[in-house]
Structure formats: structure tokens, C-alpha cells
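As a plain string of letters, each chain reads:
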Amino acid sequence: MSVKPIPDGYHSITPYLGIDKAAEAIEFYQKAFDATVFMRLDMPDGKVGHAELRIGDSPIMLASPCDEMAFGSPGAHPTSVGLHLYVKDVDAQYKQAIAAGGTAISEPKDQFYGDRSGTLRDPFGHVWFLATHIEELTEEQIHKRAKELFA
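Everything numeric here is computed off the predicted structure, so don't read it as measured data. (Residues numbered from 1 in each chain as written. Predicted model: local features only at pLDDT ≥ 70, side-chain atom pairs only at ≥ 80, totals over all residues. Heavy atoms only, no water.)

Draft legend 1. Region of interest: the pattern of salt bridges. The tally for this structure, following the rule as stated, stands at 6 salt bridges. Ionic pairing is found between Asp 8 and Lys 4, a salt bridge with its closest N-O pair at 2.8 Å. Note on Lys 4: relative accessible area 42%, which makes it partly exposed. Close ionic contact of Arg 116 with Asp 110 constitutes a salt bridge, the shortest N to O distance being 3.0 Å. Here the salt bridges do not stand alone but share partners, grouping Asp 91, Asp 110 and Arg 116 into one network. (Salt bridge = Lys/Arg side-chain N within 4 Å of Asp/Glu carboxyl O. Buried < 20%, exposed > 50% of the residue type's maximum accessible area, 1.4 Å probe, protein only.)

Draft legend 2. Structural context of helix H1 (residues 22–33). Taking 1.5 Å of rise per residue, 12 residues should cover 16 Å, and H1 covers 16 Å from first to last C-alpha, within 8% of that figure. Residues of H1 that are buried include every one of Ala 22, Ala 25, Ile 26 and Tyr 29, and no others. Buried residues of H1, viewed axially, fall in a sector of 105°; they line one side. Opposite its buried face, H1 presents the exposed residues Glu 24 and Lys 31, each directed more than 90 degrees away. Looking at the buried residues of H1, the elements they touch are strand S1 (13–18), strand S2 (36–42), strand S3 (48–55) and strand S4 (58–63). Following H1 by one or two positions, Asp 34 adopts a phi angle in the positive range, close to 60°. (Helix = DSSP H or I, 4+ residues; strand = E, 2+ residues; numbered from the N terminus. Expected span 1.5 Å × (residues − 1). Arc of directions from axis to C-beta. Contact = heavy atoms within 4.5 Å.)

Draft legend 3. How the structure looks around the nonpolar core. Counting 12 residues, the largest nonpolar core consists of Leu 17, Ile 19, Ala 22, Ala 25, Ile 26, Tyr 29, Ala 35, Val 48, Ala 51, Leu 53, Ile 60 and Leu 62. Elements that contribute at least two residues to this core include exactly H1, S3 and S4. Looking at which element gives the most residues to this core, the answer is H1, with 4 residues. Counting 10 residues, the second-largest nonpolar core is a separate cluster that includes Tyr 10, Tyr 16, Ala 70 and Ala 131. (Core = buried A, V, L, I, M, F, W, Y, C linked by side-chain atoms within 4.5 Å.)

Draft legend 4. How the structure looks around the side chain of His 84. Looking at the secondary structure, you find His 84 in strand S5 (residues 81–86). Ignoring any residue separated from it by four or fewer positions in sequence, one finds His 84 in contact with Ser 12, Ile 13, Thr 14, Tyr 16, Met 61, Asp 115, Phe 129 and Ala 131.

Draft legend 5. The pairing of strand S6 (residues 103–110), seen in detail. Sheet analysis places S6 next to strand S7 (residues 115–121), joined by 5 bridges and oriented antiparallel. Each residue of the ladder has a partner; that of Ala 104, found in S7, is Leu 120. (Pairing = 2+ DSSP bridges.)

Draft legend 6. Inspection of the confidence of the model for the chain at higher detail. When pLDDT is averaged across the chain, the result is 89; 94% of the residues are at 70 or more. For the chain, S5 is the element with the lowest average pLDDT, namely 85, and S6 is the one with the highest, namely 96. (pLDDT = per-residue confidence, 0-100.)

Right, dumping it as C-alpha cells:
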């Protein structure tokens, strides 16, 4: 089976929110905007490590801030929104963005959830998560890998 660089159900760009009370935010988005949760990964400490919701026909991603993230809740961190951009070749696009004036946060690498991704800050302070989808995984496989990684 061929893996699509932009997975089905996603657009090229996806908002990614850092929210201190991520679990409460998920409940709010469900009540306020009829959001549906189609993936949620809770961390051992009870925080939301990553969640994906759909509002209308568009996905949004969110997580509880942590030291490894380049953003967090408004007021507590330099930025609270990350832009998640799926591209055909994350390594080439990352190099292009750095050459254009972006600042490296983390070099592209294969992730446990089936993407190869890297993070950079644009010259205006916004955080960009560049990714290429490289592996089709079930939610169960992602949870298993996360449990092993964060054990």
C-alpha cells in the first residue's frame, strides 16, 4: 500500500493549538462547535499529549504545552498557535524555509505517529510544524508506540 504524503481527511495546513487546559478545551470545542474527536493521546501525567478534532470539514490539532514544544497557552509562552503544514518532501521544504529566513527548532525526523516532521519559527515568531506522512498506522499502533516511547 502506498502512503500519501498528505493523509486523507487533511488539508495542506492545519491549525495546532497549545492549551494549558487542553482536556477542557476539547470539551468546549465539542459543545461550542460540534467538534468530533478522532484521535486523542493522553500522557502518563494526565495531560493531553496530542489530540485531533474535526470542526465541519477541517481538522485542528491541540496539545497541553510541555518543555519539548515550541509553543503553549496564550500569555504563558511566546506563541500559542502552531501551523501544521503537510508537504510532499519535508526535508526539502524544511531546508527551503530555513534558507528563506526561518529559525530551526527541530530538524526533520521520523515520528512514532507515522509522520516525518520538523519544526521552525518564521521571522515573525510563528511556529511551523512541517510534515510528510510516511506510514499508515492505526490509533492502537500509535498508542502502543507512545506508551513505549514515554515509558
